[in-house]
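The chain contents come next:
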Amino acid sequence: FFFSRPGLRILELGSGSGWLGLNLAAWYASASVTMSDLPEVLPVLQAQIDRVALTADHGVVAVALDWQALDPAVVSMQWDLVVGSDLLYSHQTACALAGVMAALARSPRAPRIVYAHVPGRNASVDASFRSIFANAGLGLTGLPWHHKEPEPEQAVAGDAEDEGEEGTPWLQDGGLFAEEDDSYRRSQPPNEILDVARLT
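Residues numbered from 1 in each chain as written. Predicted model: local features only at pLDDT ≥ 70, side-chain atom pairs only at ≥ 80, totals over all residues. Heavy atoms only, no water.

*Asks:* Report on the environment of arginine 5, specifying residues and quantitative values.
*Replies:* Along the chain, the position of arginine 5 falls in the segment before β1 (9-12). In sequence terms arginine 5 and serine 30 are 25 residues apart; their C-alpha atoms lie 8.4 Å from each other. Not counting chain neighbours up to four residues away, the residues in contact with arginine 5 comprise Ser30, Asp80 and Arg109. (Helix = DSSP H or I, 4+ residues; strand = E, 2+ residues; numbered from the N terminus. Contact = heavy atoms within 4.5 Å.)

Here it is as C-alpha cells:
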C-alpha cells in the first residue's frame, strides 16, 4: 500500500550507476525519484538516466549530495521514502551514512528510511555498523523479504564495461572494494533489508 500512494517522493542515497533508483522509477511511474551521489559521480549517473530515456518529466533527477557536507536544501525536502543499497564498505562511510540518515530522520516530516545491507564487504564494518547507527540515534529493524539464490552467472552483453581481462575490476586500484575478502563474503548470510528509524 505504501508504494501505491500517488506522487511518492523518493530519495536514493549513494546511487552510483543508478540501478536501484531507475528500477524504482520504472516500477512506480507516479513516483518522483531523486538519485544522489558525490559531484564527481553525477556524470556517470546522468548518463545512465539518459541511456534509459528518463528525464525530469518522468519524475527522475540526479543531484549532488556529499554525506559529510550535507546540502540543507536536499535534507529539508519532504521525502516520503529514502533508500540505499550496498553502501557500507568502510567505517568512514558507515559513520557518514548514519549521519545523513539521522539528519533526514530528524526532519519535521520524517520519511521512511530503508537500507539494503550486503554483508561481506568488510568484516569489521559488518560487526560494528549497528552500533555506529545506534550512536547516531538510529535503530535498525529487519524487514521480511523473499530471498532467492541467484542463477549461475552467464556472460551478457555489456559486461565488458564492468570488468577487464579475466575478471579484473574495472577500477585499476580495485576501487571501493579493494580490501574486500571474497572468501569472507561468500560465507555470509543473504542480504538484509533494514528499516531505519530514530531511537526513542
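*Asks:* Which residues make up the pattern of salt bridges, and what values go with them?
*Replies:* Across all of its chains, the model carries four salt bridges by this definition. One salt bridge connects aspartate 80 with arginine 109, and the closest N-O pair in it is separated by 2.7 Å. One end of the pair, aspartate 80, is in the loop between α3 (72-75) and β4 (81-85); the other, arginine 109, is in the loop between α4 (91-105) and β5 (112-117), with 29 residues separating them in the sequence. Arginine 109 sits in the partly exposed class, given a relative accessible area of 39%. (Salt bridge = Lys/Arg side-chain N within 4 Å of Asp/Glu carboxyl O. Buried < 20%, exposed > 50% of the residue type's maximum accessible area, 1.4 Å probe, protein only.)

*Asks:* Outline the nonpolar core, supporting the account with residue identities and numerical values.
*Replies:* The nonpolar side chains of a soluble globular protein tend to be buried, and buried together. Membership of the largest hydrophobic core comes to 29 residues, with the highest contact counts inside it found for Leu13, Leu97, Met101, Leu104 and Phe133. Put simply, the parts of the chain that give this core at least two residues each are α3, α4, β5, α5 (123-135) and β7 (192-198). The element best represented in this core is α4, accounting for 10 residues. Residues within four places of phenylalanine 133 in sequence aside, it is in contact with Leu88, Ala94, Leu97, Ala98, Met101, Leu138, Leu140 and Val196. Core analysis: the second largest hydrophobic core is formed by 16 residues, Leu22, Leu42, Leu81 and Val83 among them. (Core = buried A, V, L, I, M, F, W, Y, C linked by side-chain atoms within 4.5 Å.)

*Asks:* So, α5: which residues are in play, and what are the values?
*Replies:* Along its 13 residues, α5 runs 19 Å from first to last C-alpha, staying within 8% of the 18 Å computed at 1.5 Å per residue. The largest bend along α5 reaches roughly 45 degrees and is located at phenylalanine 129. For α5, the set of buried residues is Val125, Asp126, Ser128, Phe129, Ile132 and Phe133. Directly after α5, the chain includes glycine 137, whose backbone phi takes a positive value near 85 degrees. (Expected span 1.5 Å × (residues − 1). Bend = angle between axes of the 7 residues up to and from the residue.)

*Asks:* Lay out the pairing of strand β2 (residues 32-37) in plain terms, naming residues and giving numbers.
*Replies:* Within β2, five of the six residues are buried, which leaves the element mostly enclosed by the surrounding structure. Direction of pairing for β1 relative to β2: parallel, over a ladder of four bridges. Of the residues in β2, the one forming a bridge with glutamate 12 is methionine 35. Crossover β1 to β2 through helix α1 (residues 19-27) is right-handed. Where β2 meets strand β3 (residues 60-64), five bridges bridge the pair, whose relative direction is parallel. Within β3, the position partnered with aspartate 37 by the bridge is alanine 64. (Pairing = 2+ DSSP bridges. Right-handed = clockwise from strand over helix to strand, strands pointing away.)

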